[in-house]
Amino acid sequence: MSQPTLDVVAIGNAIVDVIARSDDAFLASQALVKGGMQLIDAETATSLYAEMGTAIEMSGGSAANTLAGIAALGGACGFIGQVASDTLGTVFTHDIRALGITFDTPARSDPPTARCLVLVTPDAQRTMNTFLGASQYLPAAAIDTALIASARILYLEGYLWDPEEPRAAMRAAIAAARDAGRMVAFTLSDTFVIDRHRDDFNALIDAGQIDILFSNENEIQALAQVDGFDAAVAAIAPKVKLLVSTRSEKGAIAIVDGQQTAVPAAPVNEVIDTTGAGDLFAAGFLAAYVEGKEVENCLKLGALAAAEVISHYGARPEADLKALRVEAGL
């Protein structure tokens, strides 16, 4: 078996984020659930965008954000995701390649490139409204098996499990990773995704197809369908090699072989925008994990990366994560 040349290859939504400040009154006027994520159609995306305030546009997408963090920490990465041959598709392609991430998925003519309209309230809660556009049409034919085989870890975004075509593509990717003897990591993404695909996710876990499972406190309980974080962790952890679960200000835990390790949240002067906190936590964790670091240090680097991203608007790091890592002794 050949040695991997990349650390992580991820499959996820290729999205451009449009981020604007908001308040509770505006959310109420648009019938939006604060702090949630909903899928919207092209018409709703157009009308909501017209009502939003001054916005910042930047490339996003959960798995792509994670790769951005890993790359910022010096990791070698590849991305598989679908854009359209339009302006936002060009922006996304430029941004991810500029980070040194391999991205060669051919663009399609329509529908338009996906975009996520993010409304951030003064308490730093983000309410996301996602038009999936081209990203939900990633075909199985776009799965580069050689690219997957070249990476230590295949990382899959739960959000992309919702549409039928990329779901089939990710199943093909899991098979390719297994054939190459690589690890598979999966992030649950959101409780609404779990509610729609719980049987699929549990089937993958029960079949031993997922090595590393990322979740937050609400997601792990939704997957296990039990009340209480500890009970949910006890139900799921024995089924995967590594379970990682974030708990916002309460820190995060990881369980390997029945042994639980916990770390507190990293300090942050002011929480500005929680968009991407989970994505960057996964980035820090995986960047340390592929280096063979102890689980505690993986968690600490994840917490450090998450703290950086919530200290400013946007879901990708602005500070030098390498320098912050050195300063923290990780």
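Below you will find a few notes about this structure.

Reading the values: the criteria
Residues numbered from 1 in each chain as written. Predicted model: local features only at pLDDT ≥ 70, side-chain atom pairs only at ≥ 80, totals over all residues. Heavy atoms only, no water. Helix = DSSP H or I, 4+ residues; strand = E, 2+ residues; numbered from the N terminus. Rg over C-alpha atoms; globule rule 2.2 N^0.38 Å. Buried < 20%, exposed > 50% of the residue type's maximum accessible area, 1.4 Å probe, protein only. Contact = heavy atoms within 4.5 Å. Areas by Shrake-Rupley, 256 points an atom, 1.4 Å probe, with all protein chains shown as cover. Lys, Arg positive; Asp, Glu negative; His and termini not counted. Charge placed at Lys NZ, Arg CZ, Asp CG, Glu CD. Core = buried A, V, L, I, M, F, W, Y, C linked by side-chain atoms within 4.5 Å. Axes fitted to C-alpha atoms, helices over the stretch in contact; angles between N-to-C directions. Parallel < 35°, antiparallel > 145°, perpendicular 65-115°, else oblique. Nonpolar A, V, L, I, M, F, W, Y, C, P; charged D, E, K, R; others polar.

**Quick word on the overall build of the chain**
Line of reasoning, step 1. Each helix and strand counted, the chain has 12 helices and 14 strands in total.
Line of reasoning, step 2. Computed over C-alpha atoms, the radius of gyration of the chain comes to 18 Å, within 12% of the 20 Å expected from 2.2 N^0.38 for 330 residues, which places it in the range of a compact globule.
Line of reasoning, step 3. Taken over the C-alpha atoms alone, the chain extends approximately 50 × 45 × 40 Å along its principal axes.
Line of reasoning, step 4. The buried share of the chain, reckoned over its 330 residues, is 55%.
Line of reasoning, step 5. Excluding contacts between residues fewer than 6 apart, the proportion of contacts in the chain whose partners are at least 24 apart in sequence is 74%.
Line of reasoning, step 6. As displayed, the chain offers around 13,600 Å² of accessible surface, 49% of which is attributable to carbon and sulfur atoms.
Line of reasoning, step 7. If the 22 positive side-chain charges of the chain are averaged to one point and the 41 negative ones to another, these points end up 5 Å apart.

**Overview of unusual backbone geometry**
Line of reasoning, step 1. Asp 110 connects to Pro 111 through a cis peptide bond whose omega is -5°.
Line of reasoning, step 2. Unlike most non-glycine residues, Ala 31 shows phi in positive territory, near 55°.
Line of reasoning, step 3. Topologically, Ala 31 is positioned in the loop between helix 1 (24–29) and strand 3 (37–39).
Line of reasoning, step 4. For Ala 31, a relative accessible area of 67% gives the class exposed.
Line of reasoning, step 5. Positive phi, close to 75°, is recorded for Ser 189, a residue that is not glycine.
Line of reasoning, step 6. Among the structural elements, Ser 189 can be located in the loop between strand 10 (183–187) and helix 7 (191–206).
Line of reasoning, step 7. A residue is classified by how much of its surface remains accessible, and Ser 189, at 13% relative accessible area, is buried.

**Digging into the nonpolar core**
Nonpolar side chains in soluble globular proteins tend to be buried together.
Line of reasoning, step 1. Formed by 52 residues in total, the largest nonpolar core has its most connected members in Ile 11, Ile 148, Leu 154 and Leu 213.
Line of reasoning, step 2. Ranked by residue count, the leading element in this core is helix 6 (residues 164–179), at six residues.
Line of reasoning, step 3. When near neighbours in sequence (up to four residues on either side) are disregarded, Leu 213 contacts Phe 186, Leu 188, Ile 205, Ile 220, Leu 223, Ile 236, Val 240, Leu 242, Leu 243 and Val 244.
Line of reasoning, step 4. Formed by 49 residues, the second largest nonpolar core is a distinct cluster that contains Phe 103, Ala 252, Leu 280 and Val 295.

**Some thoughts on the packing of helix 6 against helix 7**
Line of reasoning, step 1. Here helix 6 crosses helix 7 at 5°, and the two axes come no closer than 13 Å. In terms of orientation, helix 6 lies roughly parallel with respect to helix 7. Contacts between helix 6 and helix 7 pair Arg 167, Arg 171 and Ile 174 from the former with His 197, Asp 200 and Leu 204 from the latter.
Line of reasoning, step 2. Its residues assigned to classes, the contact of helix 6 with helix 7 comprises two nonpolar, one polar and three charged.

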